[in-house]
Amino acid sequence: MMDLTKMKPPQITFYCSALSVFITVLLTLQLVSQHLSHWKNPKEQKAILIIVLMAPIYAVVSFVGLLDVKGSEIFFLFLESIKECYEALVIAKFLALMYSYLNISISKNIVPDGIKGREIHHSFPMTFFQPHVVRLDHRTLRLLKYWTWQFVVIRPVCSILMIALQIIDFYPSWLSWTFTIVLNLSVSLALYSLVVFYHVFAKELAPHNPLAKFLCIKGIVFFCFWQGIALDILVAMGVIKSHHFWLEVEQIQEAIQNVLVCLEMVIFAAVQKHAYHVGPYSGETKKKLDKKTE
């Protein structure tokens, strides 16, 4: 039995992070096993499994970063790239899941008559590139899909370039900012397409609880991004300092970020069990609706 009173703060932090990763993986495996046990709709459930694996992947990758706190900048960039590339795939799969709920097939040009002709109202700054009001048809839906999938392509390409440039020791600050701007514009466009899609089909998607599903993804992206910005500010202000000659302040910053992600993923794994529950495929949801109508 471990005596916490005899442990140093870094050790306690490490073991708490490890426990958090274990709980995250356990909660996710429970949800995955439930879906595999009630495998009724492969198209939808494949997308769901890819989405719910986002939390444990973020947790495990962040924990790997804690195992080598003194890692190089390229090492941490590689770990961050794994998370962000998977994030891109999850965003695309979420849109595919919403299309499946509405029986939309872009490849086969199948758009239910009941949703054709609806108005999409674009907001600033998209009105620079698109009319303010657009009628919904298969071309419009294909464009929303392209807006989502461009991030799936741009994210890994940028990651490979960033790692390669660091290996050859050519990574000036202006280039780093260029990648940051490109990636932020890319992910913003992908998330914008999801928000537009949700607003247009909020009524039809309501039984599938899409807002909770979307917030699971958005929440992970939001927390990871903004706490990273907050840590950058704290480092710049001198609040976060290195008190060891063998440890740089950037490595301490990465360690704090990784610990926070490990802890947060427990919450998201728990929320995902509700948002992506197996009820619609196990018959549980139908039974509850039948009881309400009796």
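Quantities reported herein were computed from a predicted structural model and do not represent experimental measurements.

## Concerning a nonpolar patch on the surface
Moving on, step 1. A grouping of Phe222, Phe223, Phe225, Trp226, Ile229, Ile233, Leu234, Met237 and Val239 is seen on the molecular surface, where their side chains present a nonpolar patch of about 860 Å² in accessible area.
Moving on, step 2. Among the structural elements, Ile229 can be located in helix H8 (residues 210-236).

## Some details on the packing of helix H4 (residues 73-101) against helix H5 (residues 138-167)
Moving on, step 1. Across the interface, H4 lies against H5 with an axial gap of 10 Å and an inter-helix angle of 170°. Looking at the two axes, H4 sits roughly antiparallel to H5.
Moving on, step 2. Here the residues of the contact of H4 with H5 are counted per class, giving 19 nonpolar, four polar and five charged.

## Description of unusual backbone geometry
Moving on, step 1. Following Phe124, the chain continues to Pro125 via a peptide bond in cis, the omega torsion being 5°.
Moving on, step 2. Along the polypeptide, Pro125 turns up in the loop between strand S1 (119-121) and strand S2 (133-135).
Moving on, step 3. At Asp169, a residue that is not glycine, the phi angle is positive and equals roughly 60°.
Moving on, step 4. Mapping Asp169 onto the fold places it in the loop between H5 and helix H6 (173-200).

## Examining the packing of aromatic side chains
Moving on, step 1. Across all of its chains, the model carries nine aromatic pairs by this definition.
Moving on, step 2. With a centroid separation of 5.8 Å and an interplanar angle of 45°, the aromatic rings of Phe94 and Phe214 are classed as tilted. With Phe94 in helix H4 and Phe214 in helix H8, this residue pair connects regions lying 120 residues apart in the sequence.
Moving on, step 3. Relative accessible area serves as the criterion here: at 13%, Phe214 is assigned to the buried category.
Moving on, step 4. Members of the aromatic cluster, joined through ring pairs, are Phe14, Tyr15 and Phe63.

## Things to note about the pattern of salt bridges
Moving on, step 1. Following the criterion strictly, the structure yields two salt bridges and no others.
Moving on, step 2. Salt-bridge contacts for Glu80 lead to Lys83; the nearest nitrogen and oxygen are separated by 3.4 Å. Residue Glu80 and its partner Lys83 are both found in helix H4; the two are separated by three residues, about one turn of the helix.
Moving on, step 3. The class for Glu80 is partly exposed, based on a relative accessible area of 26%.
Moving on, step 4. In this structure, the salt-bridge partner of Arg155 is Glu84, at a minimum N-O distance of 1.8 Å.

## Let's talk about the confidence of the model for the protein
Moving on, step 1. Averaged over all residues, the pLDDT of the protein is 84; the fraction at 70 or higher stands at 89%.
Moving on, step 2. Long-range and interchain partners of residues 289-294, a stretch whose pLDDT sits below 50, account for zero contacts in this model, where long-range means more than four residues apart.

## Section: the nonpolar core
Moving on, step 1. Membership of the largest hydrophobic core comes to 63 residues, with the highest contact counts inside it found for Phe197 and Tyr276.
Moving on, step 2. Mapped onto this core, the elements with two or more residues apiece are helix H1 (9-37), helix H2 (42-52), helix H3 (54-67), H4, H5, H6, H8 and helix H9 (249-275).
Moving on, step 3. Once residues lying within four places of it in the same chain are set aside, the contact partners of Phe197 are Leu95, Met98, Tyr99, Leu102, Ile104, Leu141, Leu144 and Leu205.
Moving on, step 4. Counting eight residues, the second-largest nonpolar core is a separate cluster that includes Cys158, Met162, Leu165 and Leu175.

## With respect to the side chain of Thr24
Moving on, step 1. Here Thr24 is to be found in helix H1.
Moving on, step 2. Sequence-distant contacts of Thr24, defined by excluding residues within four places in its chain, comprise Ala55, Pro56, Ala59, Cys262, Met265, Val266 and Ala269.

## As for the packing of H3 against H9
Moving on, step 1. Taken N-terminus to C-terminus, the directions of H3 and H9 make an angle of 160°; their axes are 8 Å apart at the nearest point. Here H9 runs roughly antiparallel to H3, going by the angle between their axes. In terms of crossing hand, the pair formed by H3 and H9 is left-handed. In this structure, H3 uses Ala55, Tyr58, Ala59, Ser62, Phe63, Gly65 and Leu66 to contact H9, whose residues at the interface are Ala255, Asn258, Val259, Val261, Cys262, Met265, Ala269 and Gln272.
Moving on, step 2. A class-by-class count of the residues in the contact of H3 with H9 yields 11 nonpolar, four polar and no charged.

Criteria and thresholds
Residues numbered from 1 in each chain as written. Predicted model: local features only at pLDDT ≥ 70, side-chain atom pairs only at ≥ 80, totals over all residues. Heavy atoms only, no water. Patch = residues over 30% accessible without salt bridge, like charges linked within 9 Å, V, L, I, M, F, W, Y side chains within 5 Å. Areas by Shrake-Rupley, 256 points an atom, 1.4 Å probe, with all protein chains shown as cover. Salt bridge = Lys/Arg side-chain N within 4 Å of Asp/Glu carboxyl O. Helix = DSSP H or I, 4+ residues; strand = E, 2+ residues; numbered from the N terminus. Axes fitted to C-alpha atoms, helices over the stretch in contact; angles between N-to-C directions. Parallel < 35°, antiparallel > 145°, perpendicular 65-115°, else oblique. Nonpolar A, V, L, I, M, F, W, Y, C, P; charged D, E, K, R; others polar. Phe/Tyr/Trp six-rings, centres within 6.5 Å; stacked < 30°, edge-to-face > 60°. Buried < 20%, exposed > 50% of the residue type's maximum accessible area, 1.4 Å probe, protein only. pLDDT = per-residue confidence, 0-100. Contact = heavy atoms within 4.5 Å. Core = buried A, V, L, I, M, F, W, Y, C linked by side-chain atoms within 4.5 Å. Left-handed = near helix turned anticlockwise from the far one by under 90°.

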